[in-house]
Amino acid sequence: MLTRLRVIRIADKVYSLAYTGARLIFAVVETVDCHSEAIYLATISRINHQSRSAFITYGAGLSGFVNLPTGLNLQEGSSLRVQMVWCGDEQKQPKFRSDWQLVGKYLVYTPGNPKLKSSGLSKELSLVLEAAAQEYPGNWVVRSCVKFMQQIPLVIAEMKLLHAQGQAIIGGQNLGGTPGYLRILRSLTLTPDCEIITNDRQIDQQLLSYQDLWQIDAITYNPTLDAAVAVAEFESLASSSNYQLDNGGNLEIYTVGGINLIDVNSGRVVLSHDKLNFAMLDEIYRQICIRNLQGIILLDLLKNQSPAAQERVIDYLKKLFKCDITNTRVLGFSHSGLCELIRNRF
């Protein structure tokens, strides 16, 4: 559970550092002016019909890449509503998708006929939300944090907000993206005394705008926040290729040719391979989230696991990544014994 979130702005960078106690569990670093999930009405500048892909312009001097849907007759100069999935880097342009959705803490909205998808809700909860979905039409998915009738006023308030944003987008407006600190707050469970602190006034105002809806208790603006130590500790951890665990084992973490490899070493640990591998999974998940590893991730666990042990590893990884702030697919073990994951860029 999240006990503290520091949102630190230094020049044009924003560091969102999430903690459980004194332990860093999540980190997102991004620039001030680029956030994933932003929605634009773009223009196709160059199209490849064979690969169903195109380069687009979405603002003055701004360009990116998008895979195109089938069944649409598009050409150079056509307009297309797109949503940013990755902000790009120094080598590659931002990537977009040709459909869009709005994600809140309680709900996910996509345009369309009234429909509500939920799992695990009581019949009473489902009936109330289905009635609300008729008032605010769209395809709605209820997120797993919605469990109690007491949450209904908050869920309906978010439904109203997301629906209004959706209607504005359909009407031709662009929508700014979702900063990393909001993605963290909408995805992780907060303790009742969770403290959120920032050194930036604009970020503070945005956090305050979600305070009642997302039930955030303590938000503090401190322009003199001593951010250097926290940022230095994060950068030291994220840049190290070797991480030593308290149990005596260690992880070696590399990125080669865009593929991330995490190698488990037993070190001084006296455990069976199955038990040691399982003991490492929480730290592997934490390191992936702190370093914001994206794309293909290969876990080189200790070998000679039984099929049953491999299934336990897969199930536990899926459980861990349910709390991630982006989508991660656990693909399972390859013939070479590597456990394969794909974590979406954002």
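Above this text you will find the structure in question.
Residue numbers here run from 1 along each chain, matching the order of that chain's written sequence. Given that this is a predicted model, residues contribute local features only at a pLDDT of at least 70 and side-chain atom pairs are listed and counted only at 80 or more, while totals for whole chains, interfaces and linings are drawn from all residues. Excluding hydrogens and water, the side-chain figures rest on all heavy atoms present in the structure.

J.: Just to check I follow, could you spell out the overall build of the chain for this structure?
T.: Counting its regular elements, the chain contains 7 helices and 20 strands. Summarising its shape, the C-alpha atoms of the chain cover approximately 60 × 50 × 50 Å along the three principal directions. The cut-offs for exposure are 20% and 50% of the maximum accessible area for each residue type, with area from a 1.4 Å probe on protein chains only; residues under the lower value are buried, those over the upper are exposed, and the others partly exposed. A buried classification covers 47% of the 346 residues belonging to the chain. Values of accessible area rely on a 1.4 Å probe in the Shrake-Rupley scheme; residue burial ignores everything except the protein chains shown. Carbon and sulfur atoms make up 50% of the accessible area of the chain, which totals about 17500 Å². Within this scheme the basic residues Lys and Arg register as positive and the acidic residues Asp and Glu register as negative, but His and the chain ends are omitted. Here the site of a charge means NZ on Lys, CZ on Arg, CG on Asp, or CD on Glu. In the chain, which carries 33 positive and 32 negative side-chain charges, the distance between the mean positions of the two groups comes to 5 Å. The way it works is that DSSP assigns letters per residue, a run of H or I at least four long becomes a helix, a run of E at least two long becomes a strand, and they are numbered from the N terminus.

J.: Looking at this structure, I do not really get helix α1 (residues 123-135). What am I missing?
T.: Helical geometry note: an α-helix holds 3.6 residues per turn, so side chains three or four residues apart project in the same direction. The first and last C-alpha atoms of α1 sit 19 Å apart over 13 residues, in line with the 18 Å expected at 1.5 Å per residue. Listed as buried for α1 are Leu125, Ser126, Leu129, Ala132 and Ala133. Along the axis of α1, the buried residues cluster in a sector spanning 125 degrees; they form a single face. In this structure, α1 carries Lys123, Glu124, Gln134 and Glu135 as exposed residues pointing more than 90 degrees from its buried face. It only takes one pair of heavy atoms within 4.5 Å for two residues to be counted as in contact. Elements in contact with the buried residues of α1: β11 (115-117), β12 (139-142) and α2 (152-170). Take the residue count of a helix, subtract one, and multiply by 1.5 Å to get its expected span. Within this analysis, the arc is defined by the directions that extend from the helix axis to the C-beta atoms.

J.: Looking at this structure, I do not really get the nonpolar core. What am I missing?
T.: One broad trend across soluble globular proteins is that nonpolar side chains are buried collectively. In terms of nonpolar packing, the biggest core is built from 86 residues, with Leu2, Ile284 and Leu317 touching the most fellow members. When residues in this core are grouped by element, the largest group, 8 residues, is from helix α6 (residues 273-291). Setting aside residues up to four positions removed in sequence, Leu317 forms contacts with Leu281, Leu299, Val330, Cys339 and Leu341. Here, nonpolar core refers to any group of buried Ala, Val, Leu, Ile, Met, Phe, Trp, Tyr and Cys residues whose side-chain atoms link them within 4.5 Å. Core analysis: the next-biggest nonpolar cluster, separate from the first, contains 16 residues, Ala38, Ala42, Val66 and Leu74 among them.

J.: Explain the pattern of salt bridges here, please?
T.: Where charged atoms of side chains with opposite charge meet at close range, the side chains can pair. Counted as salt bridges are all cases of a side-chain nitrogen of Lys or Arg within 4 Å of a carboxyl oxygen of Asp or Glu. For the structure on display, the rule yields 8 salt bridges. With a shortest N-O distance of 2.6 Å, Glu37 and Arg186 are connected by a salt bridge. Here Glu37 is found in the loop between β3 (23-31) and β4 (39-48), whereas its partner Arg186 is found in helix α3 (residues 180-187), with 149 residues between them in sequence. Taking the relative accessible area as the measure of exposure, Glu37 reaches 14% and is therefore buried. The exposure class assigned to Arg186 is buried, which follows from its relative accessible area of 7%. Its salt-bridge partner being Glu283, residue Arg286 comes within 2.7 Å of it at the nearest N-O pair.

J.: Looking at this structure, how should I read the sheet that holds strand β2 (residues 13-20)?
T.: Each strand in a sheet pairs with its neighbour through backbone hydrogen bonds, running either in the same direction (parallel) or in the opposite one (antiparallel). Read across the sheet, 5 strands follow the order β3-β2-β1-β13-β14 without closing on themselves; strand pairing throughout is mixed. On the outer flanks of this sheet lie β3 and β14 (218-221), each paired with one strand and no other. With direction set aside, neighbouring strand axes in the sheet form an average angle of 15 degrees. Here strand β1 (residues 2-10) runs beside β2; their pairing, made up of 7 bridges, is antiparallel. Residue pairing across strands places Arg6 opposite Leu17, the latter belonging to β2. An axis is simply a line fitted to the C-alpha atoms; with a helix, the fit covers only the stretch in contact. Between two such axes, the angle follows the N-to-C directions and lies from 0 to 180 degrees. Helix-sheet contacts for helix α4 (residues 201-209) involve β1, β2, β13 (190-198) and β14, and the interaxial angle to β14 is about 160 degrees. Between any two strands, pairing holds if DSSP finds at least two bridges.

J.: Looking at this model, I keep getting lost on the sheet that holds strand β6 (residues 62-67). Mind explaining?
T.: Strand order in the closed barrel formed by 5 strands is β4-β5-β6-β8-β7, and the pairing between neighbours is mixed. Averaged over neighbouring strand pairs, the angle between their axes works out to 50 degrees when direction is ignored. In this sheet, strand β8 (residues 95-97) lies alongside strand β7 (residues 79-86) in antiparallel orientation, the contact comprising 3 bridges. Bridge pairing in β8 places Met84 opposite Phe96.

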